[in-house]
Amino acid sequence: MDASSIISPLNDAQRLAVSAPSQAMLVLAGAGSGKTRVLVHRIAWHLRINRLSPQNILAVTFTNKAAREMRNRVEDLLNISARSMWIGTFHGLAHRLLRQHAKQAKLPETFQVMDSDDQLRIVKRLLKAMNIDDTKWPPKQVQWFINAQKEEGIRARHMADNGDFFHRQMLAVYKAYEELCDRSGLVDFAELLLRAHELLRDNDDLLNFYRQRFQQVHVDEFQDTNTIQYAWLRLLTEGNDNLFVVGDDDQSIYGWRGAKIENIFSFQRHYPGHQVVRLEQNYRSSGHILKAANILIANNDSRMGKELWTEAGEGELLSLYAAFNEQDEAYFVVEKIRQWVRDGGLRSDVAILYRSNAQSRQFEERLMTTGTPYRVYGGLRFFERMEIKNALAYLRLSANPHDDASFERVVNTPTRGIGAKTLDDMRILAREQALSLWQASIAMLDQNRLPARAATALRGFLNLIVQLGKDTEGFALYETVKHVVEASGLIDLYKKEKQDKGETRVENLEELVNAAKLFDYDSENAENMSELDLFLTHAALEAGEMQADSDEDCVQLMTLHSAKGLEFKLVFMVGMEEGLFPSQQATDDPGRLQEERRLCYVGITRAMQQLYLTYAESRRLYGKDSYPRPSRFLKEIPAEAIHEIRMRANVSRPVASVGTPTTKLGSTGKYRLGQSVRHEKFGEGVVLQTEGEGEQERVQINFRNAGIKWLMLAYAKLDTV
Ligand code: ATP
Ligand code: MG
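Only a predicted model underlies this, so the values are computations on that prediction, with no experimental measurement involved.

Q: What is the right way to look at the packing of helix H14 (residues 326–342) against helix H15 (residues 360–369) in this model?
A: Relative orientation and spacing of two packed helices are given, respectively, by the angle between their axes and the distance between those axes. Between H14 and H15, whose axes approach to 9 Å, the crossing angle comes to 50°. One finds that H14 runs oblique with respect to H15. Read as a crossing pair, H14 and H15 show a hand that is right-handed. Taken together, the residues of H15 that come into contact with H14 (itself represented by Glu 326, Gln 327, Glu 329, Ala 330, Tyr 331, Val 333, Val 334 and Glu 335) are Gln 362, Phe 363, Arg 366 and Leu 367. Residue classes in the contact of H14 with H15 are distributed as six nonpolar, two polar and four charged.

Q: Before we go on, may I ask you to explain the sheet that holds strand E18 (residues 676–679) in this structure?
A: Strands in a sheet are paired, the pairing made by backbone hydrogen bonds, and the direction either parallel or antiparallel. If you trace the five strands from one edge of the open sheet to the other, you get E21-E20-E19-E18-E22, paired in antiparallel fashion. Here the strands that pair on one side only, and so sit at the sheet edges, are strand E21 (707–712) and strand E22 (718–720). For this sheet, the mean inter-axis angle between neighbouring strands, taken without regard to orientation, is 40°. In this sheet, strand E19 (residues 683–691) lies alongside E18 in antiparallel orientation, the contact comprising four bridges. Across the sheet, residue Val 677 finds its bridge partner in E19, namely Gly 685. Docked against the sheet, H14 engages E19, strand E20 (698–703) and E21, running at close to 30° with respect to E21.

Q: What is the right way to look at the pairing of E21 in this model?
A: Residues in a regular strand project their side chains so that they alternate between the two faces of the sheet. Sheet topology note: the E20/E21 ladder contains six bridges and is antiparallel. Across the sheet, Asn 702 pairs through a bridge with Ile 708, a residue of E21. Joining the antiparallel neighbours E20 and E21 is a turn of three residues.

Q: Where do I start with the nonpolar core in this structure?
A: As a rule of thumb, nonpolar side chains are buried together in soluble globular proteins. Membership of the largest hydrophobic core comes to 52 residues, with the highest contact counts inside it found for Tyr 394, Phe 407, Met 426, Phe 461, Val 481, Leu 509 and Phe 535. Top element by residues in this core is helix H20 (residues 452–471). It accounts for nine residues. Not counting chain neighbours up to four residues away, the residues in contact with Leu 509 comprise Glu 387, Ile 388, Ala 391, Val 485, Leu 490, Ile 491 and Tyr 494. By size, the runner-up hydrophobic cluster in this structure holds 43 residues, among which are Phe 111, Val 113, Phe 214 and Leu 233.

Q: For this particular structure, what's the right way to read the site of ligand 1?
A: Around ligand 1, a shell composed of 19 residues is seen, among which Lys 35, Arg 37, Gln 251, Glu 567 and Arg 606 lie nearest. The contact in question runs from an oxygen atom of ligand 1 to an N or O atom on the side chain of Arg 284, over 2.8 Å. With three residues, helix H3 (residues 35–48) is the single largest residue contributor to the shell around ligand 1. Residue composition of the shell around ligand 1, grouped by class: four nonpolar, nine polar and six charged.

Q: Could you clarify how one ought to interpret the sheet that holds strand E3 (residues 86–88) in this entry?
A: Taken in spatial order, the six strands of this open sheet run E3-E2-E6-E7-E1-E8, and their pairing is parallel. Of all strands in the sheet, those bounded by a partner on one side alone are E3 and strand E8 (275–279). Taken pair by pair, the neighbouring strands of this sheet meet at an average axis angle of 10°, ignoring direction. Both strand E1 (residues 25–29) and strand E7 (residues 243–247) contribute to a ladder of four bridges, which runs parallel. Across the sheet, residue Leu 26 finds its bridge partner in E7, namely Val 245.

Q: What am I meant to see in unusual backbone geometry here?
A: With the exception of glycine, most residues fall at negative phi, and the peptide bonds are largely trans. Cis rather than trans, the peptide bond between Thr 413 and Pro 414 has omega equal to -5°. You can see Pro 414 is positioned in the loop between helix H17 (404–410) and helix H18 (420–432). The backbone of Arg 51 shows a phi angle near 60°, a positive value even though the residue is not glycine. The phi dihedral of Lys 106 falls on the positive side, at around 60°, and the residue is not glycine.

Rules used in this analysis
- Residues numbered from 1 in each chain as written.
- Chains lettered and ligands numbered in written order.
- Predicted model: local features only at pLDDT ≥ 70, side-chain atom pairs only at ≥ 80, totals over all residues.
- Heavy atoms only, no water.
- Axes fitted to C-alpha atoms, helices over the stretch in contact; angles between N-to-C directions.
- Helix = DSSP H or I, 4+ residues; strand = E, 2+ residues; numbered from the N terminus.
- Parallel < 35°, antiparallel > 145°, perpendicular 65-115°, else oblique.
- Left-handed = near helix turned anticlockwise from the far one by under 90°.
- Contact = heavy atoms within 4.5 Å.
- Nonpolar A, V, L, I, M, F, W, Y, C, P; charged D, E, K, R; others polar.
- Pairing = 2+ DSSP bridges.
- Core = buried A, V, L, I, M, F, W, Y, C linked by side-chain atoms within 4.5 Å.
- Buried < 20%, exposed > 50% of the residue type's maximum accessible area, 1.4 Å probe, protein only.
- Near = heavy atom within 4 Å.
- Polar contact = N/O pair within 3.5 Å; in protein donor to acceptor, adjacent residues only side chain to side chain.

Put into structure tokens, the structure is as follows:
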């Protein structure tokens, strides 16, 4: 493999970026223009042409999935093993650093990563212990405050009391929270980044070591880095000018989580010798899709300004479907997917993208009913399910008894008679004497401060945890997990739970054992971590990656946010409604509205061949009914790029004018749209749409009692009413 074969699959601008001499580089380009491809080939270039070893490469991507893909692509391109290359997410890499240098990072070797749920639990507990009114200082807001400070690199001790009472309380909780985490060996997501930054900043030897090791540093999706992530990159590269970043200001969608588009400008200031490369050809989407994206995003101001073009033809028009309600929407989408599969398409080439996780349920139900395999990324993810978190908490505690979040979680699950009073006393003692809950329990038992029954119960719990650790010594990971879910009493607990729910929970616990069995323990790159530690970290960082058999061909469900960087042949953007997308909070904040529009741009540009946009005229979400208006983004897309598929029971306009090539609407000869019919089994209903011809002709009917159904006209016994 020589230079020409690395750059031959690239266009001129891409070649320029890939083969440039070592220098700071900014590739600024729109969606689908090959930024990620450039990054992969740049790494290959360094390895093969500049003779760097994989160890000398650092690459930051946006998801673990993207990181794996990048590694594979480099390996395929060069036919080498790139295992020793540091490639991952900011959080994953920060975690790796902290594990390797726990002591210098002032962390216990056994520190545990907690997710945002655990974090919220701790905040709630602190508010209670500190007697702070949680209606005035809502736990979520406190959590947000803490994370926002950390993302800016600000510790509680850096913050001055500004005289405001509200602020003073926030600060007090932040401080108490930091103390508690230190005491329990707990690290939240924002802390991973902040601590990794401090580690390098405050240890010159370490910093020099890594600056020498990582001769080339690469970042994908640079527009979504936050302050502390960028500061970390600067520590590693400033002065060496070896930072290579690719990004798109139009795809910055994490401002609400502290991401700074401004980092693109800062980069240009901090690396004065940098080169900028712009890519303008889009290789992903067909013409209409690209045009829709270009025109939509032009509604934003203060853009760096790019226009994409494609050599691909115009392709299919975008399709727009107005559903009656969320069920009809799911029905429509799943039918289209089934059609796609019948026509020979792969399910894994199809994505359903939504604004909010709660929207996935309707689609999941419909996919399940029709026996269509699917996979949900994010949302109520496998590792976030209650029973799984309980099992993980037992595992965590057996590895580190001072993990307060886990202690809280399972001390009384299954119930073992440890009352609220005992727990309150324990928390107070822990807080007063700066102990972990584990230590506080032991102290209370030693001092005979508990009534006999409570003492027995608590002692039983402590013994159980110690015993779990002893019993599983020398076990393989999956044996440990299996033993812990059984011996903790969790399996029995859920077996007793009634109906399907308990059964599902037991199945999920079994799936956890399975996940442990399949867990890919890469001992070479494990740093000092045990297999269990690595598995637990994986659970915290990579939630959701193991819930479906990844070999199976399945439809992909995810939020618009998690679709960033990915591409699919067939894309459905669902719930295109005011109040949902753009979200309610964004509708009266111009800055946020622009971020929502960028999110819409991200969504549209995921589609390669076909894009469906859907909205519902009535929607039940979070237990509330609403009658939303179609999203303003729909109006911003040029009408001539959109094909409207409209099928309403009470159409008020001539049906003939809304026919589409894929779905024939209106009169079928026998049935009119909106016509009332009666079926001998399903009762009365209204014709919604018809499809196919002759023998294959099918009609969709909304039955008053039986819901929406498709029937083959040749067989259905229908009477007109
Ligand atoms: P996003 O902004 O969405 O992350 P991107 O700029 O990173 O997009 P890529 O994912 O790298 O774009 O590329 C988009 C698609 O175009 C991929 O399928 C990629 O393989 C293909 N592609 C990129 N460059 C070329 C090229 N020069 N020739 C052929 N195909 C290309
Ligand atoms: Mg990309």
